[in-house]
Amino acid sequence: MPQLIAYLNGSYLPLSQAKVSVLDRGFLFGEGVYEVVYHHAGKPIAMQDHELRLKRSLDELGIAQPTESLSDISQKLITDQGMDNAKIYWHITRGVDTTRQHIPEKNLKPTVLVIAWPEPDHAIAQGPETIKALLTPDIRWQRCDIKSTMLAPNCIAKIRAQQLGFQEAIFHRDQIVTEGTSTCLFIIKEGILQTHPQDHWILPSITRKQIIQIAREHQIPVIEKPFTIDQMLGADEVLIGSTTTIIATVTQIDDHLIGDGKSGTFAKQFFKWFFEQA
Ligand code: PDD
């Protein structure tokens with residue numbers, strides 16, 4: 001496969017040549033935000049939602065907005081590299097400083113990186129995945145609503161999950177379930193869908209919003225209210241979702257089987273509805 005092309009600060013160049021200064025504040029202080037956008041059959045899904053969330057994350061951290069159009073750059077990367085389904089990554093940091101200092105120089109130009117990775121088509125044909133998840137304390141900061149690149153707690157949890165034979169880790173704070181390390185989370189009990197309310201403890205997930213919208217269109221009741229670990233373990237189904245996963249069924253959490261411990265009916269239905277309206 002030819003080498004992927006990345007966009008970095010105004011230039012298109014082979015990924016291995018895309019280099020950033022060690023004085024970049026994303027590198028030094030983790031001052032950066034990101035987005036992952038899914039292109040399906042040549043067109044982006046929920047592009048405007050991703051643009052708005054990126055703008056908000058940048059504003060919340062006081063990072064300047066990029067002047068270039070990330071959607072145009074993404075489209076060019078996809079077209080030029082002949083991709084049909086792709087995962088697009090946007091990464092913006094506060095920029096390159098003059099030295100390591102907590103207070104940044106004024107008027108730094110943000111560092112802007114865009115990469116498109118091809119996604120296999122068969123992932124959609126196969127339907128929703130079934131996964132096993134590990135419960136883990138949510139040790140993240142108190143602004144989980146910002147899509148920050150500071151993902152060390154998420155990575156620590158997911159690495160531990162993988163070492164123990166699980167595919168995802170589910171965070172909880174004092175028995176209240178928040179979300180997955182890289183996924184939104186829903187439980188279903190007696191036909192009612194429930195998810196953590198959209199506050200600073202969870203990411204404003206675009207898939208979460210889409211699942212809620214689709215459920216409402218199909219008259220499935222949705223509650224946005226905190227729930228406990230016990231409520232989750234007693235659910236008929238547990239779903240996780242993200243831009244890249246779309247929807248997956250969690251069949252096991254730690255050593256507890258969820259429902260009948262098999263692939264969920266709701267997950268399959270939602271997956272179908274999702275691609276019908278995409
Ligand atoms: N992760 N919660 C967290 C903590 C996430 O990192 C993500 C996405 C989600 C789902 O958000 P969305 O539906 O907007 O993709 C929820 C991305 C995909 C990642 O880190 O690669």
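Residues numbered from 1 in each chain as written. Predicted model: local features only at pLDDT ≥ 70, side-chain atom pairs only at ≥ 80, totals over all residues. Heavy atoms only, no water.

Peer 1: Please clarify how the overall build of the protein should be interpreted in this entry.
Peer 2: Helix and strand content of the protein: eight helices and 15 strands. Computed over the C-alpha atoms, the radius of gyration of the protein is 19 Å, within 12% of the 19 Å expected from 2.2 N^0.38 for a compact globule of 278 residues. By its C-alpha atoms, the protein is 55 × 40 × 35 Å across when sized along the principal axes. Counting across all 278 residues of the protein, residues that qualify as buried make up 49%. Accessible surface computed for the protein: about 13600 Å², of which carbon and sulfur atoms make up 54%. Here the protein contributes 27 positively and 32 negatively charged side chains, and the mean placements of these two sets differ by 3 Å. (Helix = DSSP H or I, 4+ residues; strand = E, 2+ residues; numbered from the N terminus. Rg over C-alpha atoms; globule rule 2.2 N^0.38 Å. Buried < 20%, exposed > 50% of the residue type's maximum accessible area, 1.4 Å probe, protein only. Areas by Shrake-Rupley, 256 points an atom, 1.4 Å probe, with all protein chains shown as cover. Lys, Arg positive; Asp, Glu negative; His and termini not counted. Charge placed at Lys NZ, Arg CZ, Asp CG, Glu CD.)

Peer 1: Any chance you could explain helix H8 (residues 265-277) here in plain terms?
Peer 2: Because an α-helix packs 3.6 residues into every turn, residues spaced three or four apart end up facing the same way. Given a rise of 1.5 Å per residue, 13 residues ought to cover 18 Å, and the 19 Å separating the end C-alpha atoms of H8 matches this to within 8%. Here H8 has its buried residues at Ala-267, Phe-270, Phe-271, Trp-273, Phe-274 and Phe-275. (Expected span 1.5 Å × (residues − 1).)

Peer 1: Can you walk me through the sheet that holds strand E2 (residues 11-14) in this structure?
Peer 2: Neighbouring strands of a sheet are bound in pairs by backbone hydrogen bonds; such pairs are parallel or else antiparallel. Taken in spatial order, the six strands of this open sheet run E2-E1-E6-E5-E3-E4, and their pairing is antiparallel. In this open sheet, the two strands that pair with only one neighbour each are E2 and strand E4 (43-44). Note: strand E3 (residues 32-40) against strand E5 (residues 86-93), eight bridges, orientation antiparallel. Bridge assignment links Val-36 to a residue of E5, and that residue is Tyr-89. Sheet strands touched by helix H2 (residues 47-61): E3, E4 and E5. Its angle to E3, the strand with the most contacts, is close to 175°. Contacts between helix H3 (residues 70-80) and the sheet are confined to strand E1 (5-8), E2, E3, E4, E5 and strand E6 (111-118), with E6 contributing the most and set at about 35° to the helix. (Pairing = 2+ DSSP bridges. Contact = heavy atoms within 4.5 Å. Axes fitted to C-alpha atoms, helices over the stretch in contact; angles between N-to-C directions.)

Peer 1: Got a minute to help me understand the packing of helix H6 (residues 206-217) against H8 in this structure?
Peer 2: The axes of two packed helices give the description: the angle between them and the distance between them. Relative orientation of the contacting elements H6 and H8 amounts to 95°, with a least axis distance of 11 Å. In this view, H6 runs roughly perpendicular relative to H8, as classed from their interaxial angle. Where H6 approaches H8, its residues Gln-210, Ile-211, Ile-214 and Ala-215 are matched on the opposing element by Phe-270, Trp-273, Phe-274 and Gln-277. By residue class, the composition of the contact of H6 with H8 is six nonpolar, two polar and no charged. (Parallel < 35°, antiparallel > 145°, perpendicular 65-115°, else oblique. Nonpolar A, V, L, I, M, F, W, Y, C, P; charged D, E, K, R; others polar.)

Peer 1: Is there a simple way to think about the domain arrangement of the protein in this case?
Peer 2: Size of an interface: often given as the accessible area lost when the parts come together. Segmentation of the protein into domains returns domain 1 (5-118) and domain 2 (124-277). Using only C-alpha atoms to locate each centre, domain 1 and domain 2 end up separated by 26 Å. Across the boundary between the two partners, domain 1 contributes 23 residues, which contact 21 residues of domain 2. Buried area between domain 1 and domain 2, both sides added, is near 1800 Å², and the carbon and sulfur share of it is 63%. Looking at the side of domain 1 facing domain 2, the largest losses of area belong to Tyr-34, Tyr-38 and Arg-53, adding up to 34% of the total buried there. Here domain 1 is connected to domain 2 by three salt bridges. Salt-bridge contacts for Asp-145 lead to Arg-56; the nearest nitrogen and oxygen are separated by 2.8 Å. Run the count over domain 1 and domain 2 and you get seven residue pairs in polar contact (both at pLDDT 80 or more). At the level of elements, E3, H2 and E5 are the ones that each hand at least two residues to the side of domain 1 that touches domain 2. Looking at the side of domain 1 that touches domain 2 element by element, the count peaks at eight residues for E3. (Domains from an automatic or database assignment. Buried area = accessible area lost by both parts, 1.4 Å probe. Salt bridge = Lys/Arg side-chain N within 4 Å of Asp/Glu carboxyl O. Polar contact = N/O pair within 3.5 Å; in protein donor to acceptor, adjacent residues only side chain to side chain.)

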